[in-house]
Amino acid sequence: NKQKKKMADETEIPIELIGDFKSGNVIAFIGAGFTTPAGFPGWKDLLLKIADSALEKAELSLSVRDMIHTLLSSSRPSAHELDQAAQLLDDEIHKPGNPIQSELVSYIRRFLTPKIPFSDVLQERLQLLRELPLKAIITTNFNPLIQGKTPFDSDIGDVYRQILRGEKSEVRGKIAVPSTTNPLGYDYVEAQCPVIQIHGNLNISESVVLTREGYRRLLYSCPNYSTFIRATLASSTVLYMGFSFSDAYLNELRSEIVNLLGAQGRPIAYAVINDMTPIQAKFFLEHEGTKFLTFSTNNFTDWTPFNRILK
């Protein structure tokens, strides 16, 4: 029991990863945990907030609201339960004739607003992300802090080509910085590399991937997306940050690459991740080919080690 509760502390940066940074072959894969210091709700809380608010506005029936609460009643709902709940929401609040998901995305914008002013931890983390010598940034986040192209953009093929073929391009993403002049409390500076928001951008409601149909649109309306992700995972060193490894669709693509390349030998990916036990770290290295750079948050009270690893 003591061994199960013991947390791994592996924050030393492997020399192989340093070499990949120097050769320009590292791609950051960023999940929701990266922007936790912004105060955004998790997916479960976001959907519950939207459901309760839509009920108050008489845009959602009580029966559907209750069904959503039932689906999300566990402390950690599955990805299947989350996208089903999101689909029920979208089905009920969407008005015929309006753009796809426009009402749902309007609610998301309302609740995905960062706390202003930025905390010191968030400000430093975003700055460190800008300074890392990355080949590209890929993120599942559609919150406003990291902005880029989506698989639904007409020119996304140019970005795919730039990343996979190493061709020069003017395409760059944007990363938020604090601002005292912008009414939002933040503005943007250009990233040093392309940014792809694979789950969409709140400025393009159709591109946002949260519902069951949203995942289907991404997979089947943007067929080159899966090819790009496979090629990226196979040819570049991926550094996962704030990534939960709970997305069933992405896990399937990762499994294909592990099967192709094997999990033995040097890692094919790395992950900055908190509070993992030695057993969990060993499992991911041996069976997923992913080396954890893990740290303790002291019972989720201290997230500063994340930034120390990035430094």
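One can find the structure itself at the top, above this paragraph.
The text that follows walks through the structure, step by step, so that each part is easy to find.

## Observations concerning the layout of surface pockets
Then, in step 1: Within this model, the largest pocket holds a volume of roughly 1,600 Å³.
Then, in step 2: Lining the largest pocket are 50 residues, with Ala32, Trp43, Arg76, Ser244 and Ser246 sitting closest to its centre.
Then, in step 3: When contributions to the lining of the largest pocket are tallied by element, the ones reaching two or more residues are helix H3 (43-56), helix H5 (79-93), helix H11 (248-261), strand E8 (269-274), helix H12 (278-288) and strand E9 (290-295).
Then, in step 4: Counting residues per element, the lining of the largest pocket draws most heavily on E8, which supplies four residues.

## Quick look at helix H9 (residues 212-221)
Then, in step 1: Within the sequence span of H9, burial applies to Arg212, Gly214, Tyr215, Arg217, Leu218 and Leu219.
Then, in step 2: Buried residues along H9 sit against H5, helix H10 (223-235) and H11.

## Some thoughts on the environment of Ala32
Then, in step 1: One can find Ala32 in the loop between strand E1 (26-30) and H3.
Then, in step 2: For Ala32, a relative accessible area of 36% puts it in the partly exposed group.
Then, in step 3: Along the chain, Ala32 and Phe142 lie 110 residues apart, while their C-alpha atoms are 9.1 Å from each other.
Then, in step 4: Those residues in contact with Ala32 that sit more than four places away from it in its chain are Trp43, Thr140, Asn141 and Gly242.

## So, the nonpolar core
Most often, soluble globular proteins have nonpolar side chains that are buried together.
Then, in step 1: Phe34, Ile68, Ile108, Leu129, Leu134, Ile137 and Met241 are the most contacted members of the largest nonpolar core, which has 59 residues in total.
Then, in step 2: For this core, the element with the most residues is H3, which contributes six residues.
Then, in step 3: Once you skip the residues sitting within four places of it in the chain, Leu134 turns out to touch Phe21, Val26, Ala28, Leu129 and Cys193.
Then, in step 4: Val159, Ile229, Leu253 and Phe284 belong to the second-largest nonpolar core, a separate cluster that totals 34 residues.

## Regarding the side chain of Asp275
Then, in step 1: Counting through the fold element by element, Asp275 comes out in the loop between E8 and H12.
Then, in step 2: A distance of 2.8 Å separates polar atoms of two side chains, one belonging to Asp275 and the other to Asn274.

## Concerning the sheet that holds strand E6 (residues 195-197)
Then, in step 1: The six strands are arranged E6-E2-E1-E7-E8-E9 in an open sheet whose pairing can be described as parallel. Each edge of the sheet is formed by a strand with only one pairing partner; in this case those strands are E6 and E9. When strand polarity is set aside, the average angle formed by the axes of neighbouring strands in this sheet is 20 degrees.
Then, in step 2: Along the sheet, helix H2 (residues 15-22) contacts E1, strand E7 (237-241), E8 and E9; its crossing angle with E7, the most-contacted strand, is approximately 110 degrees.

## Details of H12
Then, in step 1: Buried residues of H12: Ala281, Phe284 and Glu288, and no others. Looking straight down H12, one finds that the buried residues subtend no more than 85 degrees of arc, so they occupy a single side.
Then, in step 2: Looking one or two residues past H12, Gly289 carries a phi angle of roughly 65 degrees, positive in sign.

## Here's the deal with the side chain of Thr35
Then, in step 1: Inspection of the secondary structure puts Thr35 in the loop between E1 and H3.
Then, in step 2: Judged by its relative accessible area of 2%, Thr35 is buried.

## Looking at the packing of aromatic side chains
Then, in step 1: Within this structure, the stated rule accounts for 16 aromatic pairs.
Then, in step 2: With centroids separated by 6.2 Å and ring planes inclined at 35 degrees, the aromatic side chains of Phe245 and Phe292 adopt a geometry described as tilted. One end of the pair, Phe245, is in the loop between E7 and H11; the other, Phe292, is in strand E9, with 47 residues separating them in the sequence. The two residues Phe245 and Phe292 agree in class, both being buried.
Then, in step 3: Members of the aromatic cluster, connected to one another through ring pairs, are Phe29, Tyr240, Phe243, Phe245, Phe283, Phe284 and Phe292.
Then, in step 4: The ring of Phe306 is capped by Arg125, whose NZ or CZ atom sits 4.1 Å from the centre of that ring.
Then, in step 5: Across from the ring centre of Tyr188, 4.8 Å away, lies the NZ or CZ of Lys174, which sits over that ring.

## Section: unusual backbone geometry
Then, in step 1: The step from Ile116 to Pro117 runs through a cis peptide bond, and the omega angle for that step is 0 degrees.
Then, in step 2: Here Pro117 is to be found in the loop between helix H6 (102-111) and helix H7 (120-131).
Then, in step 3: We note that Gln101 has phi near 60 degrees; this positive angle belongs to a residue other than glycine.
Then, in step 4: With relative accessibility at 2%, the residue Gln101 sits in the buried group.
Then, in step 5: Despite not being glycine, Phe245 has its phi angle at roughly 60 degrees, a positive value.

## A few points about the sheet that holds strand E3 (residues 146-147)
Then, in step 1: One open sheet holds the three strands; their spatial order is E3-E4-E5, and the pairing between them is antiparallel. Looking along the sheet, the strands with just one partner apiece sit at the ends: E3 and strand E5 (186-190).
Then, in step 2: Bridge count between strand E4 (residues 174-178) and E5: five bridges; the pairing is antiparallel. Across the sheet, Val177 pairs through a bridge with Asp187, a residue of E5.
Then, in step 3: Taken strand by strand, H7 contacts E3, E4 and E5, and its axis lies near 145 degrees from that of E4.

Parameters and conventions
Residues numbered from 1 in each chain as written. Predicted model: local features only at pLDDT ≥ 70, side-chain atom pairs only at ≥ 80, totals over all residues. Heavy atoms only, no water. 1 Å grid on protein atoms, 1.4 Å probe; cavity = no way out; pocket = protein on both sides within 12 Å on 5 of 7 lines; lining within 4 Å. Points joined across faces, edges and corners; volume = space filled by probe spheres on them. Helix = DSSP H or I, 4+ residues; strand = E, 2+ residues; numbered from the N terminus. Buried < 20%, exposed > 50% of the residue type's maximum accessible area, 1.4 Å probe, protein only. Contact = heavy atoms within 4.5 Å. Core = buried A, V, L, I, M, F, W, Y, C linked by side-chain atoms within 4.5 Å. Polar contact = N/O pair within 3.5 Å; in protein donor to acceptor, adjacent residues only side chain to side chain. Pairing = 2+ DSSP bridges. Axes fitted to C-alpha atoms, helices over the stretch in contact; angles between N-to-C directions. Arc of directions from axis to C-beta. Phe/Tyr/Trp six-rings, centres within 6.5 Å; stacked < 30°, edge-to-face > 60°. Lys NZ or Arg CZ within 6 Å of the ring centre and 35° of its normal.

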